[in-house]
Amino acid sequence: MSDPVLIKKLNNLTKHLYGQLFVAFILGALQVFAFAPFEQWWVIYPTFVGFFLLQKQLQKSTRRHFLVSFIFSISSLIATLCWIYVSMDLYGGMPKIVSALLIVLLCAYLAIYPSLALWASSRLLGVSDTQRYLLLIPVFWLISDWLRGYVLTGFPWGYLGYSHADTPLVGFAPVLGVQGITLAIMVICGALTLLIQKQKIGLSLSVISALLISGFILQQQQYTTAQPELNVSLVQGNIDQHQKWKKEYLSPSLQKYLTLSETGLDDQAELIIWPESAIAALDVNVQEFLQPLSADLAAKNKTLMTGIIGYESKTDSYYNSIITLGKLPRQQLPNQQLSKQPLSEQPGYSLQSGNRYQKHHLLPIGEFVPFEHLLRPLAPYFNLPMSSFQRGAQLQNNLQTEQVSIAAAICYEIAFPELLRKNIGEKTGVLLTVSNDAWFGNSIGPDQHLQIARMRAIEFARPLLRSTNNGVTAIFDGSGNELGRLPANVAAVLSKKIQPAFGQTPYQYAGSYPLYLYSLLVLLGLFLSSRYKKQKTKS
């Protein structure tokens, strides 16, 4: 089939609403291949350019523009987030059709934000194609991402920038964060659309070249200073999710983690990491296990950070927590007490220790249930184990070892860069995230989660440790290079030497405020330009 014939058939297909909806659905669904585990980043460009060209063919109907934008957005989100179905199907206790419907409803809600951005940018009058593609659409897209990541606790999954960690555009991450990459992607998509329409060819080529060259130059910059090496061992227990929370399985599970931990580094200072809720019990109920373990680790010059369920009896509150056991910084005790105070009473060895982290950004349904009095009776999915957590403070001290300060995030929190940014100081040396992606089986979800975590290492130019129950456990350096990973669904230990890093990236210092300012200036400029054109037309 010749190209003119194919183009003619495509044009005929997109003349009618059903054909337009079909093409929008296909273009949106293809975007999932830009993200992990597929990692075909280039897919973003033909899908957006194709959609922009499709918009040009739509009749001047407000409803049609929004409907086509909505189908494009919801198909992209369903393809990207379909892995959530696994937890509903395996652990939710609901009919398959109900689980599928809930996924569609979630994606329909999330699709409202990008749909409004695409619709509004196409319907705004008094804006040239150049202004629309290079300025308006990218800014509206950023605003929709910010809203999606904030409203109703937020769901900042699948930002376009995550797909470009292996391209020159990743150079914008330490300066503007992942959304700086997203902005560059959308501007390039707009420039490519102008090129295909043979508009502003010189300007479009200049914009694309400038972004790629700038990203490459920024990628070569060093924002932090490497510190002495640190031995780390990440333990992947591969505990059966169906058995994990049963009381009779607690002891075998702990023994498994202890056995695996012994395969780390012998007779050397070492930081050992166990994943989220590795100790599937309340901290108050396992003190007879924790106290001797902490003393034994300290004697071996080792430190353990592990997920556990924290409990505060005064408020009857439960927290998804990380605690620190074993060898701790000497400055945590007055000098005169170092030799006198028993190990079991030192900070880090007791329930009163501040050397712990309590998860702040909780996962709806999984860790707290909105309208729980209405939802919990409906299905087992709304009554999952440990779904009644309280929030930890937004600002918390770094976890401390004798060698390094560590900024922590538990599971879903790693998708909120602004939250992590607020807890990172110039002397924070390492980023840590622990997770339990066993809820999502062998789906694409854990790979996307790892991709998100990797971006945090790049944004803050620090090594990142990611410890999970069954995968993907991995270590990245401050440039996002993978230093090692464990295969999924195996019990194993990942031992490496890492170099903590001190310093501050521009993004760490300013966050998203430069992008907020840029967006404000663009919208203000377009508004004034539109008003000027109207006044000129009247005169």
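Undergrad: How would you summarise the packing of helix H2 (residues 17-30) against helix H3 (residues 44-57) if you had to cite specific residues and measurements?
TA: When two helices pack together, their arrangement is captured by the angle between the axes and the distance separating the axes. The N-to-C vectors of H2 and H3 enclose an angle of 160 degrees; their axes lie 9 Å apart at closest approach. Classed by the angle they form, the pair H2 and H3 counts as roughly antiparallel. When the axes of H2 and H3 are compared, the crossing they make is left-handed. Between H2, through Gln-20, Val-23, Ala-24, Leu-27 and Leu-30, and H3, the contact on the second element is made entirely by Pro-46, Thr-47, Gly-50, Phe-51, Leu-54 and Gln-57.

Undergrad: Run through unusual backbone geometry, naming residues and quoting values.
TA: Cis geometry marks the peptide bond from Ala-36 to Pro-37; its omega dihedral reads 5 degrees. Tracing the backbone through its elements, the reader meets Pro-37 in the loop between H2 and H3. Look at the link from Gly-471 to Val-472: it is a cis peptide, with omega at 10 degrees. Mapped onto the elements, Val-472 comes out in the loop between strand E11 (464-468) and strand E12 (474-476). A positive phi is found at Asn-301, a non-glycine position, where the angle reads about 65 degrees. Located in the positive-phi region is Ala-461, a residue other than glycine, with phi close to 50 degrees. Looking at where Ala-461 falls in the secondary structure, it is placed in the loop between helix H15 (445-460) and E11. Overall, Ala-461 belongs to the buried group, its relative accessible area being 9%.

Undergrad: Kindly report on the environment of Ala-492, identifying the contributing residues and their values.
TA: Checked against the element boundaries, Ala-492 lands in strand E14 (residues 492-498). Residue classification places Ala-492 among the buried positions, given a relative accessible area of 18%. As for Ala-492 and Ser-261, which are separated by 231 residues in sequence, their C-alpha atoms are 9.2 Å apart.

Undergrad: Describe the pairing of strand E4 (residues 279-282), listing the residues and the values that go with them.
TA: Across two bridges, E4 lies against strand E5 (residues 302-312) in parallel orientation. The partner of Ile-279 across the bridge, within E5, is Ile-308. On the question of chirality, the crossover connecting E4 to the parallel E5 by way of helix H12 (residues 287-299) is right-handed.

Undergrad: Can you tell me about empty space enclosed by the protein, naming the residues and giving the values?
TA: Counted under the stated rule, the structure contains five cavities of 30 Å³ or more. The calculated volume of the largest cavity comes to roughly 200 Å³. The wall of the largest cavity is formed by 16 residues, among which Ser-76, Leu-77, Trp-141, Arg-148 and Gly-158 lie closest to the centre. Top contributing element to the lining of the largest cavity by residue count: helix H4 (residues 62-81), with six residues. When grouped by side-chain class, the residues that make up the lining of the largest cavity number nine nonpolar, five polar and two charged.

Undergrad: Outline the nonpolar core, supporting the account with residue identities and numerical values.
TA: Core analysis: the largest hydrophobic core is formed by 89 residues, its most contacted members being Phe-48, Phe-52, Leu-81 and Leu-169. Take this core: its biggest share by element is eleven residues, from helix H9 (residues 178-196). With residues near it in sequence (within four places) discarded, Leu-169 still touches Tyr-45, His-164, Ile-181, Ala-184, Ile-185, Ile-188, Leu-211 and Leu-212. Formed by 23 residues, the second largest nonpolar core is a distinct cluster that contains Leu-234, Ile-406, Leu-486 and Ala-492.

Undergrad: Explain helix H5 (residues 84-91) to me, and be specific about the residues and the numbers.
TA: Every buried residue belonging to H5 is among Ile-84, Val-86, Ser-87, Met-88 and Tyr-91, and all of these are buried. Those residues of H5 that are buried lie in contact with H4 and helix H6 (96-123). Immediately beyond the C-terminal end of H5, within one or two residues, lies Gly-93, with a positive phi of roughly 70 degrees.

Undergrad: Tell me what's going on with helix H11 (residues 247-261), and back it up with residues and numbers.
TA: For H11, built from 15 residues, the straight-helix expectation of 21 Å at 1.5 Å per residue is met to within 8% by its first-to-last C-alpha distance of 22 Å. Within H11, burial applies to Leu-250, Ser-253, Leu-254, Tyr-257, Leu-260 and Ser-261. Taken end-on, H11 shows its buried residues confined to a sector of 125 degrees, consistent with a single buried face. Along H11, exposed side chains directed more than 90 degrees from the buried face belong to Glu-248 and Ser-251. Here the buried face of H11 lies against strand E2 (230-236), strand E3 (270-273), E4, H12 and E14.

Undergrad: Report on the packing of aromatic side chains, specifying residues and quantitative values.
TA: One pass over the full model with this rule turns up 21 aromatic pairs. Look at Phe-48 and Trp-141: their rings are 5.2 Å apart centre to centre, the planes differ by 85 degrees, and that puts the pair in the edge-to-face class. With Phe-48 in helix H3 and Trp-141 in helix H7 (residues 129-148), this pair connects stretches of sequence that are 93 residues apart. For Phe-48, a relative accessible area of 0% gives the class buried. Of the residues examined, Trp-141 reaches a relative accessible area of 8% and is grouped as buried. Seen in terms of ring centroids, Phe-66 and Phe-70 are 6.2 Å apart; in terms of plane orientation they differ by 25 degrees. Their pairing is stacked.

Calculation criteria
Residues numbered from 1 in each chain as written. Predicted model: local features only at pLDDT ≥ 70, side-chain atom pairs only at ≥ 80, totals over all residues. Heavy atoms only, no water. Axes fitted to C-alpha atoms, helices over the stretch in contact; angles between N-to-C directions. Helix = DSSP H or I, 4+ residues; strand = E, 2+ residues; numbered from the N terminus. Parallel < 35°, antiparallel > 145°, perpendicular 65-115°, else oblique. Left-handed = near helix turned anticlockwise from the far one by under 90°. Contact = heavy atoms within 4.5 Å. Buried < 20%, exposed > 50% of the residue type's maximum accessible area, 1.4 Å probe, protein only. Pairing = 2+ DSSP bridges. Right-handed = clockwise from strand over helix to strand, strands pointing away. 1 Å grid on protein atoms, 1.4 Å probe; cavity = no way out; pocket = protein on both sides within 12 Å on 5 of 7 lines; lining within 4 Å. Points joined across faces, edges and corners; volume = space filled by probe spheres on them. Nonpolar A, V, L, I, M, F, W, Y, C, P; charged D, E, K, R; others polar. Core = buried A, V, L, I, M, F, W, Y, C linked by side-chain atoms within 4.5 Å. Expected span 1.5 Å × (residues − 1). Arc of directions from axis to C-beta. Phe/Tyr/Trp six-rings, centres within 6.5 Å; stacked < 30°, edge-to-face > 60°.

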